[in-house]
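# Coordinate analysis (summary)
Here is how the chains run, residue by residue.
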Amino acid sequence: PKQGKSKLKTLAISDCSNFCIEQNLDILWMIEEKKELLVEKILKTGEPYKGEITLLISIKGVTPLLALAFLADIADINRFKKLKEMNAYLGVCPTIKSSGGHEILGHINRQSRKLARSLFTQSVYHIANSSIKLKQFYQDLKARRGVGKARIAVLRKIFGVMRRMLLTGELYR
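Residues numbered from 1 in each chain as written. Predicted model: local features only at pLDDT ≥ 70, side-chain atom pairs only at ≥ 80, totals over all residues. Heavy atoms only, no water.

### Side note on the overall build of the protein chain
Of the regular secondary structure elements, the protein chain holds nine helices and two strands. In terms of overall size, the protein chain is more extended than a compact globule, its C-alpha atoms giving a radius of gyration of 22 Å where 173 residues would be expected to give roughly 16 Å. Oriented by its inertia axes, the alpha-carbon framework of the protein chain measures out at about 75 × 40 × 35 Å. When contacts within the protein chain are restricted to residue pairs at least 6 apart in sequence, those whose partners lie at least 24 apart make up 51%. For the protein chain, the computed accessible surface area is about 12000 Å², with 57% contributed by carbon and sulfur atoms. (Helix = DSSP H or I, 4+ residues; strand = E, 2+ residues; numbered from the N terminus. Rg over C-alpha atoms; globule rule 2.2 N^0.38 Å. Contact = heavy atoms within 4.5 Å. Areas by Shrake-Rupley, 256 points an atom, 1.4 Å probe, with all protein chains shown as cover.)

### Considerations on the packing of aromatic side chains
Aromatic ring pairs are defined here through the distance separating the ring centres and the angle between the ring planes. Applying the stated rule across the entire model yields five aromatic pairs. Here the aromatic rings of F80 and Y89 are separated by 5.3 Å at their centres, their planes lie at 50°, and the arrangement is tilted. With relative accessibility at 8%, the residue F80 sits in the buried group. With a centroid separation of 6.2 Å and 65° between ring planes, the pair formed by Y125 and Y138 is classed as edge-to-face. With Y125 in helix 7 (residues 124–128) and Y138 in helix 8 (residues 132–145), this residue pair connects regions lying 13 residues apart in the sequence. With a relative accessible area of 42%, Y125 lands in the partly exposed category. (Phe/Tyr/Trp six-rings, centres within 6.5 Å; stacked < 30°, edge-to-face > 60°. Buried < 20%, exposed > 50% of the residue type's maximum accessible area, 1.4 Å probe, protein only.)

### Quick notes on helix 9 (residues 147–168)
A turn of α-helix holds 3.6 residues, and therefore any two residues three or four places apart point the same way. With 22 residues, helix 9 should cover 32 Å at 1.5 Å per step; its first-to-last C-alpha distance of 31 Å lies within 8% of that length. Residues A150, I152, A153, V154, L155, I158, F159, G160, M162, R163, M165 and L166 constitute the buried set of helix 9. In the stretch just after helix 9, G169 is the one whose phi turns positive, near 80°. (Expected span 1.5 Å × (residues − 1).)

### What to know about the pattern of salt bridges
Considering all chains together, one arrives at one salt bridge under this definition. Across the pair E47 and K50 runs a salt bridge, and its minimum N-O distance is 3.9 Å. Overall, the relative accessible area of 52% leaves K50 in the exposed class. (Salt bridge = Lys/Arg side-chain N within 4 Å of Asp/Glu carboxyl O.)

### Topic: a negative patch on the surface
A contiguous patch of negative charge, built from E32, E33, E36 and E40, is present on the exposed surface. If you trace the backbone, E36 turns up in helix 2 (residues 15–45). (Patch = residues over 30% accessible without salt bridge, like charges linked within 9 Å, V, L, I, M, F, W, Y side chains within 5 Å. Lys, Arg positive; Asp, Glu negative; His and termini not counted. Charge placed at Lys NZ, Arg CZ, Asp CG, Glu CD.)

### Observations concerning helix 6 (residues 115–122)
Of all the residues in helix 6, the buried ones are A116, R117 and F120. Across the axial projection of helix 6, the buried residues extend over an arc of 95°, all falling on one side. (Arc of directions from axis to C-beta.)

### What to know about the nonpolar core
Counting 35 residues, the largest nonpolar core has F70, I74, F120 and F159 as its most contacted members. Ranked by residue count, the leading element in this core is helix 9, at 10 residues. Setting aside residues up to four positions removed in sequence, F70 forms contacts with L56, M86, L90, A116, F120, F159, M162 and L166. (Core = buried A, V, L, I, M, F, W, Y, C linked by side-chain atoms within 4.5 Å.)

### Side note on the packing of helix 4 (residues 64–74) against helix 5 (residues 83–90)
Direction vectors running N to C along helix 4 and helix 5 enclose 105°, while the axes themselves pass 10 Å from each other. When the axis of helix 4 is compared with that of helix 5, the two are roughly perpendicular. Between helix 4 and helix 5, the contacting residues are F70, D73 and I74 on the first element and M86, Y89 and L90 on the second. Counted by class, the contact of helix 4 with helix 5 contains five nonpolar, no polar and one charged residues. (Axes fitted to C-alpha atoms, helices over the stretch in contact; angles between N-to-C directions. Parallel < 35°, antiparallel > 145°, perpendicular 65-115°, else oblique. Nonpolar A, V, L, I, M, F, W, Y, C, P; charged D, E, K, R; others polar.)

This is the structure in structure tokens:
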């Protein structure tokens, strides 16, 4: 903020414009400070899960906040006997309509947990680049089925990897 205000004084603009810019910068800097405090508070709240967070952030692209969001959504990993149960709970499985031996796959179920799915969807490209196989899987599926379906498929794979890591205690390889 001090550098910004000194830089602002060197500009040749009207007093009214200077005042407006200074007010907006003050608001922006206040929001940045509040954001940093919020991140610190969230990380401090997740302190009891430090071991699990350390495991999950070994995946390139997974930040401590993403790991905490995942852990907040699933609570206890042992309550899901199968990966399909966990994926359905997180809302990354398609709805299925079947009648007379005919199945129709629909959109993902949006009436489930949203936190992990929405946050991980935003960073799926970075996570997909964490391994050559995962990146190739994403690129192939994106070319065949589109970006949206490729993202959800990568999320299912990543959530499966994260589940396995939490159950075995192994770091990502």
